[in-house]
Amino acid sequence: MNLSPPFRAVGFLGGTFDPVHEGHLAIARAVGVHFGLDQVRLVPAQAPVHRPAPVASAADRLAMLRLAVAPYPELAIDTREFDSRERNYTLLTLQSLRAELPEAALLWIIGEDAFALLPGWHRWRELFDAANFVVINREGSGVSSHWPQALQAAVATRWADSKQALTVNKAGLVCRLTLPPQPASSTKIRAALAAGRADDITDLLPTAVLAYIARHGLYQAGDYGS
């Protein structure tokens, strides 16, 4: 991978990363390899618009991300949503990325369940002007017939005819990528930690992240108001 600018194609995986887990890393790395990307950036949200507020602080989530990506030079962290004073709308993030990387193909990585909700996002049709979309679905899941009609119509002419198309076109295309199911879930991890069952999730977190959580007492029962 070419890890020095100018970049040809860059992937982005957004989320709260509360906490970052092995599933996040596996998806980011798999997309990077599949499309031959120059880099994949994890983009933590400061104040997500479409989901509950994170449990851990921004500082703790960023520290855990740094520990998680340290072994993988092909991965990077992009803190622009942390640094922004505006709401964390994906469109604004992509427009900012496009301004930084005007000639690169941008690939926004998103789960199929989240992609199906796209028509509820801020100025969602403009998202396709800023990036390509890599829609991650699980092995054995059905086709996209459950997507809202507006979304199906919007992507009908945007399907990429090859994986190379997403790296030579700067924006506007959609591709589905099937990956093995990931057992890791931030919700599952937080629940296990709050219940004092850290041993149940040791395989779901990077060792350094689990150690950080233990050292700082994160995700205890009191964090949930109980």
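First, a word on what this report is: a plain description of the structure on this page. (Residues numbered from 1 in each chain as written. Predicted model: local features only at pLDDT ≥ 70, side-chain atom pairs only at ≥ 80, totals over all residues. Heavy atoms only, no water.)

All right, on to the overall build of the chain then. Scanning the chain from terminus to terminus reveals ten helices and six strands. Its C-alpha radius of gyration of 17 Å places the chain within 12% of the 17 Å reference for a compact globule of 226 residues. Principal-axis analysis of the C-alpha atoms gives the chain an extent of 50 × 40 × 35 Å. In the chain, the proportion of contacts linking residues at least 24 apart, taken out of those at least 6 apart, comes to 77%. Surface summary for the chain: the accessible area is close to 10800 Å², and the carbon and sulfur share equals 52%. When the 21 positive and 21 negative side-chain charges of the chain are each reduced to one mean point, those points stand 3 Å apart. (Helix = DSSP H or I, 4+ residues; strand = E, 2+ residues; numbered from the N terminus. Rg over C-alpha atoms; globule rule 2.2 N^0.38 Å. Contact = heavy atoms within 4.5 Å. Areas by Shrake-Rupley, 256 points an atom, 1.4 Å probe, with all protein chains shown as cover. Lys, Arg positive; Asp, Glu negative; His and termini not counted. Charge placed at Lys NZ, Arg CZ, Asp CG, Glu CD.)

As for its position among the elements, Asp 18 is in the loop between strand E1 (9-15) and helix H1 (22-35). Residue Asp 18 is classed as buried on the basis of its relative accessible area of 1%. Of the polar contacts made by the side chain of Asp 18, one reaches the backbone nitrogen of Ala 56; its length is 3.1 Å. Residue contacts for Asp 18: discarding those within four places in its chain leaves Pro 54, Val 55, Ala 56, Arg 61, Ser 186, Arg 190 and Tyr 219. (Buried < 20%, exposed > 50% of the residue type's maximum accessible area, 1.4 Å probe, protein only. Polar contact = N/O pair within 3.5 Å; in protein donor to acceptor, adjacent residues only side chain to side chain.)

Within the fold, Asp 78 resides in the loop between strand E3 (75-77) and helix H3 (80-83). Within the structure, Asp 78 has its side chain in polar contact with the side chain of Arg 80 (distance 2.8 Å). Discounting residues that sit within four places of it in the chain, Asp 78 has contacts with Phe 12, Arg 41, Leu 42, Val 43, Pro 44 and Leu 97.

The next thing to look at is unusual backbone geometry. With an omega of 5 degrees, the peptide bond running from Asp 18 to Pro 19 counts as cis. Considering the arrangement of structural elements, one finds Pro 19 in the loop between E1 and H1. With phi around 50 degrees, Phe 17 is a residue other than glycine that occupies positive phi space. Positive phi is not limited to glycine here, since Tyr 219 has a value of about 60 degrees. Looking at the element boundaries, Tyr 219 is found in the segment after helix H10 (207-216).

Here we take up the packing of aromatic side chains. In the structure shown here, the tally under the stated rule is six aromatic pairs. Aromatic rings pair up to connect Phe 115, Trp 124, Phe 128, Phe 133, Trp 147 and Trp 159 into one cluster. (Phe/Tyr/Trp six-rings, centres within 6.5 Å; stacked < 30°, edge-to-face > 60°.)

This part is about the packing of helix H2 (residues 58-69) against H10. At their nearest, the axes of H2 and H10 sit 8 Å apart, and the two run at 150 degrees to each other. In terms of orientation, H2 and H10 fall into the roughly antiparallel class. In this structure, the crossing between H2 and H10 has a hand that is right-handed. Only Ala 208, Val 209, Tyr 212 and Ile 213 of H10 make contact with H2, whose side of the interface consists of Asp 60, Ala 63, Met 64, Leu 67 and Ala 68. Of the residues belonging to the contact of H2 with H10, the class tally is eight nonpolar, no polar and one charged. (Axes fitted to C-alpha atoms, helices over the stretch in contact; angles between N-to-C directions. Parallel < 35°, antiparallel > 145°, perpendicular 65-115°, else oblique. Left-handed = near helix turned anticlockwise from the far one by under 90°. Nonpolar A, V, L, I, M, F, W, Y, C, P; charged D, E, K, R; others polar.)

With 42 residues, the main nonpolar core has Val 20, Val 31, Phe 35 and Met 64 as its most contacted residues. Counting residues in each nonpolar core, the second largest holds 28 residues, with Ala 104, Ala 130, Trp 147 and Leu 151 among its members. (Core = buried A, V, L, I, M, F, W, Y, C linked by side-chain atoms within 4.5 Å.)

Summarising burial for strand E4 (residues 105-111): six of the seven residues are buried, a large majority. Note: E1 against E4, five bridges, orientation parallel. For Phe 12, the partnering residue across the bridge sits in E4 and is Trp 108. (Pairing = 2+ DSSP bridges.)

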